[in-house]
Amino acid sequence: MTDEWRGWQVAAETALYGDGGFYRSPEGPAGHFRTSVHASPLFASAVARLLVKTAHELGTGSVDLVDVGAGRGELLTGVLAALPAAGGDGLDVRAYAVERAGRPPGLDPRIEWCAEPPPRTYGLLFANEWLDNVPTEVAETGPDGVDRYVLVRAQDGTERLGEPVTGADAEWLRRWWPSAGPGSRAEIGRPRDEAWARAVSTVAGGLAVAVDYAHVRDARPPFGTLTGFRGGREVRPVPDGSCDLTSHVALDACAAAGSFAGAPPELLSQREALHRLGVSGGRPPLALASADPAGYVRALASAGEAAELTARGGLGDFGWLMQRSG
Ligand SMILES: C[S@@+](CC[C@H](N)C(=O)[O-])C[C@H]1O[C@@H](n2cnc3c(N)ncnc32)[C@H](O)[C@@H]1O
């Protein structure tokens, strides 16, 4: 009976990426939830502008675009389509989708499908809602004040407390997510820090960006954020392969782990990042309605999508971790 209790990291790893795991299913992430990529093509257009800007900064007409946790390649497809309008006409782009799931049929042949980011790239590495799906251990502070690993049973998600947290995990908690007292919980983000640092280390020159639900040390959620999603709804997290398992990312810890790369990392909200890239939810001028009614309707729809991408209490609150490299 005892080996059915496992730490959350191994349990989630198996449930998401093992044989028959949630992310191996043919419908892909888009079948269960909407990310910014699916919310509006304005997101891919903004990433296309960021790629063009990065190419200018590198002084090159030939760049790599690496999408880590690429889903079914939707963002890359959108960026390639948006490039001419983003000022990238004539830019030579090598596009890489880094994914644990298989290549979807019918994907643009210009997109290379890989299991790891290619080494020594020049350009933009972009990871939208990747790190929240990198499994972590969960710790809970017991009544005695000791942080212990939370163990979970795959068949029904029942939990119990296991061994005390020690070593590098305990050090991580001390530095990044100190206990808020008995009953409080924390996701131990060390595997995410390491995954991010590895991804950043592949960028020989350019910019690495991680976009995710995030929190920072001054405002950690006292009970953690581990949850499940299935068919567009939030559900109890059960590591049986039937639902997504996700928790918000300690992006400040990831930033510190990736900061070997060069310039200090920048952490900002999606609202601020997209505003800088020209996405704003402002309504079109009313005069346009009579001068160009169809154009007005298009502009109104686009303003609505921009508002969703930058909304307070929604996608606009996501964190953008931007790390220049080389
Ligand atoms: C929430 S989905 C996001 C998909 C897409 N980026 C989007 O924004 O719509 C997370 C994706 O990350 C992928 N993933 C998780 N860990 C990965 C890893 N170590 N390497 C490559 N892909 C990974 C999953 O298979 C899944 O498709």
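The rules behind these values
Counting restarts for each chain: residues are numbered from 1 in the order of the written sequence. This being a predicted model, a pLDDT of at least 70 is required before a residue's local features are given, and a value of 80 or more before pairs of side-chain atoms are given or counted; all residues contribute to the totals for chains, interfaces and linings. As a rule here, side-chain values come from all non-hydrogen atoms in the structure, and water together with hydrogens is ignored. To form a nonpolar core, buried Ala, Val, Leu, Ile, Met, Phe, Trp, Tyr and Cys residues must be joined to one another through side-chain atoms within 4.5 Å. Partly exposed describes any residue whose relative accessible area lies between the buried limit of under 20% and the exposed limit of over 50%, with all areas from a 1.4 Å probe on protein chains only and scaled to the type maximum. The numbering of helices and of strands both runs from the N terminus, where a helix is a DSSP run of H or I of at least 4 residues and a strand a run of E of at least 2. Here a residue-residue contact requires only that any non-hydrogen atoms of the pair lie within 4.5 Å. For Phe, Tyr and Trp, rings pair up if their centres lie within 6.5 Å, where Trp contributes its six-membered ring, and each pair is then called stacked (planes under 30 degrees apart), edge-to-face (over 60) or tilted (otherwise). By the criterion adopted, a ring carries a charge over it if an Arg CZ or a Lys NZ lies within 6 Å of its centre and within 35 degrees of its normal.

A. A look at the nonpolar core. One finds Phe43, Leu50, Leu51, Leu124, Phe126, Val209 and Trp320 to be the most contacted residues of the largest nonpolar core, which totals 44 residues. No other element matches helix α3 (residues 41-58), which puts 9 residues into this core. Sequence-distant contacts of Phe43, that is, excluding residues within four places in its chain, are made with Ser36, Val37, Leu75, Phe126, Asn128, Gln270, Leu274, Leu309 and Trp320. Formed by 23 residues, the second largest nonpolar core is a distinct cluster that contains Val68, Tyr96, Leu251 and Ala255.

B. Representation of the packing of aromatic side chains within the structure. Scanning the model with the defined rule gives 6 aromatic pairs in all. An angle of 15° between the planes, with centres 5.8 Å apart, marks the rings of Tyr17 and Tyr23 as stacked. Comparing Tyr17 with Tyr23 shows no difference in burial state: the two are buried. Between Phe43 and Trp320, the aromatic rings sit 6.2 Å apart at their centres with planes inclined by 70°, giving edge-to-face as the arrangement. Of this pair, Phe43 sits in helix α3 while Trp320 sits in strand β17 (residues 319-325), and the two are 277 residues apart along the sequence. Judged by relative accessible area, which is 0%, Phe43 ranks as buried. By way of ring pairs, the aromatic residues Tyr17, Phe22 and Tyr23 are connected into one cluster. One Lys or Arg, Arg100, reaches over the ring of Tyr17 and ends 4.1 Å from the middle of that ring.

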